Amino acid sequence: MKKTILSFFAILFLFVLFTGCENSKSKPNQDDEQNNDSLITTDDSPLTDHDSQLPDDDTGNTADLQAIFNLGPHFVNIIDIKEGDNGAPRDFRIFEPTGATGLVPVVHFLHGFQLKNTYYDDVLIHLSSHGFIVVSGQSEHSLMGGDTSVVEATKVTAFIEWIKTNLASKLTGMTPDFDNFAVSGHSRGGKVTNHVLNTAPAIAKCFFGLDPVDAPPPLGGDDPSLNNPVQFQGKSMFLGAEKGPEGMQACAPADHNSVNFYFGFPSPSRHIIAAGVGHMDMVDEPDLKACGTTCSLCAGSKDNALNTQFRTYSGGLMAAFFSSALKGKTEYETLLGDFMTHPFLTKVSESK
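Residues numbered from 1 in each chain as written. Predicted model: local features only at pLDDT ≥ 70, side-chain atom pairs only at ≥ 80, totals over all residues. Heavy atoms only, no water.

Next up on the list: the packing of helix α2 (residues 121-128) against helix α8 (residues 304-327). One can describe the packing of α2 onto α8 by two numbers: an axis separation of 8 Å at closest approach and a directional angle of 35°. α2 and α8 meet at a crossing whose hand is right-handed. Residue-level inspection shows Asp122, Val123, His126 and Leu127 of α2 in contact with α8, the latter providing Arg311, Thr312, Ser314, Gly315, Gly316, Met318, Ala319 and Phe322. Split into classes, the residues belonging to the contact of α2 with α8 amount to five nonpolar, five polar and two charged. (Axes fitted to C-alpha atoms, helices over the stretch in contact; angles between N-to-C directions. Helix = DSSP H or I, 4+ residues; strand = E, 2+ residues; numbered from the N terminus. Left-handed = near helix turned anticlockwise from the far one by under 90°. Contact = heavy atoms within 4.5 Å. Nonpolar A, V, L, I, M, F, W, Y, C, P; charged D, E, K, R; others polar.)

For the chain, mean pLDDT is 83; residues scoring 70 or higher make up 79% of the total. Below pLDDT 50 for its whole length, residues 1-63 participates in 100 contacts with residues either more than four positions away or in separate chains. (pLDDT = per-residue confidence, 0-100.)

Further remarks concern the packing of aromatic side chains. For the coordinates displayed, the defined rule picks out 18 aromatic pairs. Considering the side-chain rings of Phe238 and Phe261, the 5.7 Å spacing of their centres and the 45° angle between planes classify their relative orientation as tilted. With a gap of 23 residues between them, Phe238 in strand β10 (residues 235-241) and Phe261 in helix α5 (residues 258-264) connect regions that are remote in the sequence. Looking at Phe261, the relative accessible area reads 0%, which means it is buried. With a relative accessible area of 0%, Phe238 lands in the buried category. Through pairs of rings, three or more aromatic residues link up here, namely Phe207, Phe232, Phe238, Phe261 and Phe265. Looking at Lys327, its charged tip hangs above the ring of Phe132, at a distance of 4.4 Å from the centre. (Phe/Tyr/Trp six-rings, centres within 6.5 Å; stacked < 30°, edge-to-face > 60°. Buried < 20%, exposed > 50% of the residue type's maximum accessible area, 1.4 Å probe, protein only. Lys NZ or Arg CZ within 6 Å of the ring centre and 35° of its normal.)

Once that is clear, we can look at the pattern of salt bridges. Going through the model one piece at a time under the given rule, you end up with ten salt bridges. The partner of Glu152 in a salt bridge is Arg90, and the shortest N-O contact between them spans 3.2 Å. With Glu152 in helix α3 (residues 149-166) and Arg90 in the loop between β2 (76-81) and β3 (92-97), this pair connects stretches of sequence that are 62 residues apart. Several salt bridges converge on common partners, so that one network encompasses Asp80, Arg93 and Asp121. (Salt bridge = Lys/Arg side-chain N within 4 Å of Asp/Glu carboxyl O.)

And the structure:
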């Protein structure tokens with residue numbers, strides 16, 4: 001009887017710890033009464049001064065590849081779509097690079113466990129500013145229930161198929177290029193994305209894992225995506241965080257993190273581990289504070305300036321990887337491999 005009571009209170013304690021994120025504040029400009037089809041420009045974002053940037057990378061100017069670590073030539077519009085809007089199967093956010101011409105590559109990004117798709121604006125604005133349409137959907141899962149990662153993967157697959165048919169109608173004039181379509185995910189979002197690729201390996205051209213985690217659920221179960229051989233044969237890249245395996249609650253535990261994704265994926269693949277930062281340090285600063293216990297349990301840098309640099313670095317690596325894989329700008333392969341020139345200290349840099 002005592003063991004039963006203790007188990008009940010242990011689960012209740014964990015539930016209280018992990019529900020802090022659910023009550024986090026909305027991002028600026030997120031008005032529930034706002035027309036879902038309206039265009040939001042992130043006026044409080046750092047996209048205010050492009051004077052120091054190179055010309056549009058779509059022109060083929062490759063004189064300074066390091067510019068990929070600065071904001072790109074495109075201002076970014078944010079469009080929020082609500083579930084049910086013209087058949088939308090879930091809430092999602094679009095990052096649209098204004099002025100991009102021709103066919104514009106598309107990246108689907110999936111957030112981490114118990115987080116929100118609005119928590120990654122800094123990284124995704126950086127990526128989009130270099131000429132990519134980014135779509136970030138909202139998943140439904142929680143500590144005490146919700147979809148397993150396998151079930152969630154079936155919903156993500158259906159959502160990707162939906163946006164391939166319907167995204168163009170949500171944009172302001174540009175044409176999405178679904179022949180050059182990529183997937184990405186943070187934490188559990190990386191695991192779910194790998195489940196998607198295992199069942200539909202041709203759904204995307206490449207995959208970028210942002211500190212992906214393949215661990216079983218916190219309260220038991222067994223649904224890691226790497227238990228089965230990886231089916232995806234496209235290009236991949238994984239960015240890990242040094243402090244992910246650290247702390248009482250390892251949020252990117254050893255044997256389930258970016259190391260294992262890199263090991264499990266075929267060539268060509270790259271792997272970098274960023275020094276000094278933790279599993280949640282790529283989350284926007286206001287959301288990292290508002291997320292509560294879900295974020296605070298993870299070991300992190302506790303350094304706002306370093307985290308800002310890490311978000312910039314993450315966005316730059318994604319932009320360089322996708323520029324090579326989706327736009328054919330293979331000169332970025334040299335940049336990705338030359339970690340000594342990167343504007344952030346790394347613990348590991350490897351490729352195959």
